[in-house]
Amino acid sequence: MKKLNPQRAWPRVVAGLLIAAGMWAGAAWAGEAPELAAQVVAGKLPALAQRLPEKPEVISQGKPGQYGGTIRSALRGNGDGNAILRMIGVQGLARWKLDFSGVVPNLAESWSTNADVSEYIFKLRRGLRWSDGAPFTSDDILFAVNDLLANKQFLNAMPAQYQINDKPMQVDKIDEQTVRFRFAGTYRQFVEQLATPLGQHPVMFPKHYCSQFHPKYNPKVDELIKAASAKDWAQLLRIKCGEPEAPTRWGNPDKPTLDPWVVKEPYSGGATKVLMQRNPYFWQVDSKGQQLPYVDKVQFQVISEIETIVLAAINGQLDFQVRHIDAIQNRPLLSENAAKGKYTILNLVPTPTNSGALFLNYTTKNAKLRELIRTKDFRIALSLALNRKEINDIVYLGQGEPWQIGPLRQHRLYNEKLAKQYTDYDPKQANALLDKLGLAKRDGDGYRQYPSGGRISLYHSVMVSSSQAMENSELIRKHFKDVGIELVIRPAERTLHYDRAKTNDYDTVIEGLNGGMDPTLDPRGYVAVHATESRQGLPWVRWYETHGKEGEAPTENMQKRLKLYDQWIGARSDREADELFRQILALCQEEFEIIGTVRNPPTTGIRNAKLMNVPERFPYGWTYASPGATLPQQFYYVK
């Protein structure tokens, strides 16, 4: 009699049991990775049916794959935890559709709202388990929200994405699989926020594990604090359980997760490699009933220099990489070496609205310059002075497009004027506008002077670590000089750059600007609501946040937009919300505060030529958390 291979036979046995039990409606058979099947046979792991939810989510996005292999990727140094997050850790109650057009259930099986969209009831997947086999229930969410997010010893204030009308959300348990979120007003965007990287707090703190580091549940927590050399229980809990963006999230192999792969070799200390291995309790299956993920492991090599990451890619040492090699300047080299490195070039769709947006500081401390910046014809003149074709050709190899700001063409809120106004290169008209403003007098170096005397100079902060921002700035300086305006470039490391923002010590900055495919999720360029990134007037943000008690009152136009933004937050229908946001964009177009240069060219990445189910094109950006939203758990290798 022919012997059966237990690693091959066991999945068929489980499949038969599941089909007989009616648990796999529409699935022909069920299966699991051979290494897990062997552990089941050895009695080290429960059967597949006991590890999956009663109704696992069926992923039919790609083709059914096969098990095995390791995906190799790279991190930059010891502070690049978000690279792991974006690949593995975007497991919220909801997730984005592949095309970024909306959200679908994820850890939650479904949700519903009340009439004014101030309450959400989420039904969790019954039988869903953490990576150590413990059940994931409403109690985990209540612990995360009530014992951590709402605890001022852990956070000074609940994160903004969990507040409405300056009041934090409240959460209560209906039953083990049902939880209710309540807000102080309408909050239509809540589920979208849960699909972003910063919407994971409610589902990343397993109570059965993390509560041991909380004084409410462990009266001897001081002993653990001392053993870990932590200053208090809050720091201890962060060390052991992490936070969405904290590198410590990936530093503790003992912490259970809901991710497709779990930490085997941690991202801590002087680690040169981070290794993640499959989660035996992962809760998704393919259309054949095979448990995901297909790939056994994900390995991140820790590399300090970007050039070395690019070199590793062209030498075939990376199987999937976008982060750190995505600059358009790398594309020719990567394309030239694709056959040698046995990889395929990815052409991804960047979600930002502009690769180099020039923020003019309406609240600059220079009173004379402030008056000019607030004069629309001055801003128009600066825009017409820019040779965007030259910027595109030199900085972006001709792959971008002259662009101001605003939603991209494929977005339902696209505004043609906001995107394209004043993008023609017309130095003659720029000079005429500046002369008309009474700025015709020039000094010996050809720079224009204020009517009261003194050179018109813009002090420009730029992060020295961004080669594109530096190149952009140099070209802008040249173009402005041609019309008699001096741009004084002040390169800075990241910390100093942000310190200047805090102290309002800049006239202009250049930044990549989000809000192309996600304008309502990241409206920093349209309304002054982002405390560090709405650089057109950060004191305006403080004014808005404190209801006029602090900061500086914005222009009348911005005040109208902020009022509309508040109405947009409270809108009860998509139609009403979109109409309000269109009015915001129309006012933004009318004011013309931010000068754009070039819309981002396609983002470059690579995948191993044998790595399948990787979409040919997908959005690339932070809110979409690329590539996590494409479901890397269903990537697989062909032999």
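Before reading further, recall that the structure is shown in the block above.
### As for the pairing of strand S20 (residues 486-492)
1) Next: By the bridge criterion, seven bridges tie strand S19 (residues 457-463) to S20 in an arrangement that is parallel. Residue Tyr459 lies in a different strand from S20, and its bridge partner there is Val488.
2) Next: Each parallel crossover has a hand, and for S19 linked through helix H18 (residues 467-482) to S20 it is right-handed.

### Concerning the side chain of Arg125
1) Next: With respect to the helices and strands, the residue Arg125 is situated in the loop between strand S6 (119-124) and helix H5 (138-149).
2) Next: On the basis of relative accessible area, Arg125 is assigned to the buried category, the value being 6%.
3) Next: Within the structure, Arg125 has its side chain in polar contact with the backbone oxygen of Asn106 (distance 2.6 Å).
4) Next: When neighbours within four sequence positions are excluded, Arg125 is seen to be in contact with Pro53, Lys55, Glu57, Pro105, Asn106, Leu107, Ala108, Glu109, Gln177 and Trp283.

### Focus on the pattern of salt bridges
1) Next: For the structure shown, the criterion picks out 37 salt bridges.
2) Next: A salt bridge links Lys478 to Glu390, with the shortest nitrogen-to-oxygen separation between them at 2.7 Å. Of this pair, Lys478 sits in helix H18 while Glu390 sits in helix H15 (residues 388-396), and the two are 88 residues apart along the sequence.
3) Next: A network of salt bridges, in which partner residues are shared, links Glu401, Arg409, Lys420 and Arg599.

### Focus: the layout of surface pockets
1) Next: Taken as a whole, the second largest pocket holds about 630 Å³ of empty space.
2) Next: In terms of lining residues, the second largest pocket is bounded by 26 residues, among which Trp96, Ser101, Gly102, Glu192 and Arg412 are the most central.
3) Next: Broken down by secondary-structure element, the contributors of at least two residues to the lining of the second largest pocket are strand S5 (108-113), helix H6 (190-194) and helix H22 (574-591).
4) Next: Element by element, the count of residues in the lining of the second largest pocket is highest for H22, at three residues.
5) Next: The class makeup of the residues in the lining of the second largest pocket is 11 nonpolar, eight polar and seven charged.

### Notes on the sheet that holds strand S2 (residues 70-76)
1) Next: One open sheet accounts for four strands, arranged S2-S14-S12-S11; its pairing is mixed. Across the chains shown, the open sheet's two edge strands, defined by having one partner strand only, are S2 and strand S11 (261-265). Strand-to-strand twist of the sheet, defined as the mean angle between neighbouring strand axes without regard to direction, takes the value 25 degrees.
2) Next: Pairing between S2 and strand S14 (residues 297-303): seven bridges, direction parallel. Bridge pairing in S14 links Ile71 to Val298.

Rules used throughout
Each chain carries its own residue numbering, running from 1 in the direction its sequence is written. This being a predicted model, a pLDDT of at least 70 is required before a residue's local features are given, and a value of 80 or more before pairs of side-chain atoms are given or counted; all residues contribute to the totals for chains, interfaces and linings. With hydrogens and water set aside, each side-chain value is computed from the structure's full complement of heavy atoms. In this scheme, strands are said to pair when DSSP sees at least two bridges between them. For helices the rule is a DSSP run of H or I covering at least 4 residues; for strands it is a run of E covering at least 2, with both sets numbered from the N terminus onward. For the handedness criterion, the strands are oriented away from the viewer, and a crossover whose path from the first strand over the helix to the second runs clockwise is classed as right-handed. Burial classes: relative accessible area under 20% of the type maximum marks a residue as buried, over 50% as exposed, and values in between as partly exposed (1.4 Å probe, protein chains only). Residues adjacent in sequence count toward polar contacts only when both atoms are side-chain atoms; beyond that, a polar contact is any pair of N or O atoms within 3.5 Å, and within protein one must be able to donate a hydrogen and the other to accept it. Every residue pair with non-hydrogen atoms within 4.5 Å of one another is taken to be in contact. When a carboxyl oxygen of Asp or Glu is within 4 Å of a side-chain nitrogen of Lys or Arg, the pair counts as a salt bridge. With a 1 Å grid laid over protein atoms only, a set of points is called a cavity when a 1.4 Å probe fits there but cannot get out and a pocket when it is open yet has protein on both sides within 12 Å along at least five of seven lines; lining residues have an atom within 4 Å of a point. Grid points are joined across faces, edges and corners, and a volume is the space filled by probe spheres set on the points. Just so you know the grouping, Ala, Val, Leu, Ile, Met, Phe, Trp, Tyr, Cys and Pro go in nonpolar, Asp, Glu, Lys and Arg go in charged, and all remaining residues, Gly too, go in polar. Angles run from 0 to 180 degrees between N-to-C directions of axes, and those axes are lines fitted to C-alpha atoms, restricted for helices to the stretch in contact.

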